[in-house]
Amino acid sequence: MKLSTKGLNETLKELEKIRENTDSIIEEAIEEGINIVTDELRNEIENLKTRRDEEDSSYPTKANQKNLLNSLGYTPVKTDGSVFDAKAGFKGLDNHKTKAYPAGHPNAVIASAINHGTSFMQAQPFLNKAAKKARKKAIEKMDEIISKGIKKYNH
């Protein structure tokens with residue numbers, strides 16, 4: 001990236017404007033990146049193989065798939081002052097109550113079971129696929145937003 005200015009005082013003013021707006025630029029970039037990741041997760045969940053009947057336990061149920069779609073989301077962008085963070089994931093519980101999970105199974109546990117497989121369910125590494133597909137697009141979009149943000153304050 002190239003900063004072009006007429007003198008040292010102007011350079012310092014431009015750098016100060018950029019510094020003052022760094023957090024908002026980074027937050028916008030991360031939010032766009034996490035949106036891309038969440039969209040890829042949604043696509044992968046929609047493409048999961050599901051059971052054809054109740055006897056077939058090698059795949060998740062349509063209800064599992066629907067619960068994952070409905071519970072998918074991401075956290076707001078957070079910062080501790082130097083590190084910015086947002087996470088995509090699954091919130092809440094499904095409606096399938098058991099002794100081990102009397103309130104219902106955590107959707108994050110179901111997602112992990114589908115992704116890694118179990119002794120009876122085939123692995124469908126949809127989390128891995130979504131991350132791989134989203135990575136380049138998210139990085140490119142975040143880079144674009146950061147570059148635009150810097151240019152905005154570099155007149």
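Our subject is the structure listed above.
Residues numbered from 1 in each chain as written. Predicted model: local features only at pLDDT ≥ 70, side-chain atom pairs only at ≥ 80, totals over all residues. Heavy atoms only, no water.

Okay, the layout of surface pockets next. Here the largest pocket defines a volume of roughly 400 Å³. Residue lining of the largest pocket: 16 residues in total, with Asn64, Asp94, His96, His105 and Ile110 positioned closest to the centre. Counting residues per element, the ones that place at least two in the lining of the largest pocket are α2 (62-71) and α3 (107-116). In this structure, the second largest pocket is lined by 17 residues; those nearest its centre are Gly33, Ile34, Val37, Ala86 and Ala88. Among the elements of the structure, α1 (8-46), β4 (88-90) and α4 (126-152) are those that each provide at least two residues to the lining of the second largest pocket. Here the lining of the second largest pocket takes seven residues from α4, the largest share from any one element. (1 Å grid on protein atoms, 1.4 Å probe; cavity = no way out; pocket = protein on both sides within 12 Å on 5 of 7 lines; lining within 4 Å. Points joined across faces, edges and corners; volume = space filled by probe spheres on them. Helix = DSSP H or I, 4+ residues; strand = E, 2+ residues; numbered from the N terminus.)

Our next topic: the pattern of salt bridges. Summed over the entire model, instances satisfying the criterion amount to six salt bridges. Across the pair arginine 42 and aspartate 39 runs a salt bridge whose closest N-O atoms are separated by 3.3 Å. Here arginine 42 and its partner aspartate 39 are both found in helix α1, three residues apart, which amounts to about one turn of the helix. With a shortest N-O distance of 3.6 Å, glutamate 144 and lysine 141 are connected by a salt bridge. You can see glutamate 144 and its partner lysine 141 sitting in helix α4, three residues apart, about one turn around the helix. (Salt bridge = Lys/Arg side-chain N within 4 Å of Asp/Glu carboxyl O.)

Counting 12 residues, the largest nonpolar core is built from Leu41, Ile45, Leu48, Leu68, Leu72, Phe90, Ile110, Ala111, Ile114, Met121, Phe126 and Ala130. Counting residues per element, the ones that place at least two in this core are α1, α3 and α4. Per-element accounting of this core gives the leading share, three residues, to α3. Excluding anything up to four places from it in sequence, leucine 68 contacts Ile45, Leu48, Phe90, Asn107, Ile110, Ala111, Ile114 and Phe126. Residues Ile30, Ile34, Val77 and Ala86 belong to the second largest nonpolar core, which totals five residues. (Core = buried A, V, L, I, M, F, W, Y, C linked by side-chain atoms within 4.5 Å. Buried < 20%, exposed > 50% of the residue type's maximum accessible area, 1.4 Å probe, protein only. Contact = heavy atoms within 4.5 Å.)

Relative orientation of the contacting elements α2 and α3 amounts to 120 degrees, with a least axis distance of 10 Å. Here α3 runs oblique to α2, going by the angle between their axes. Note that α2 runs across α3; the crossing there is left-handed. On the side of α2, the interface is formed by Asn64, Asn67, Leu68 and Ser71, while α3 contributes Asn107, Ile110, Ala111 and Ile114. Residues that form the contact of α2 with α3 fall into these classes: four nonpolar, four polar and no charged. (Axes fitted to C-alpha atoms, helices over the stretch in contact; angles between N-to-C directions. Parallel < 35°, antiparallel > 145°, perpendicular 65-115°, else oblique. Left-handed = near helix turned anticlockwise from the far one by under 90°. Nonpolar A, V, L, I, M, F, W, Y, C, P; charged D, E, K, R; others polar.)

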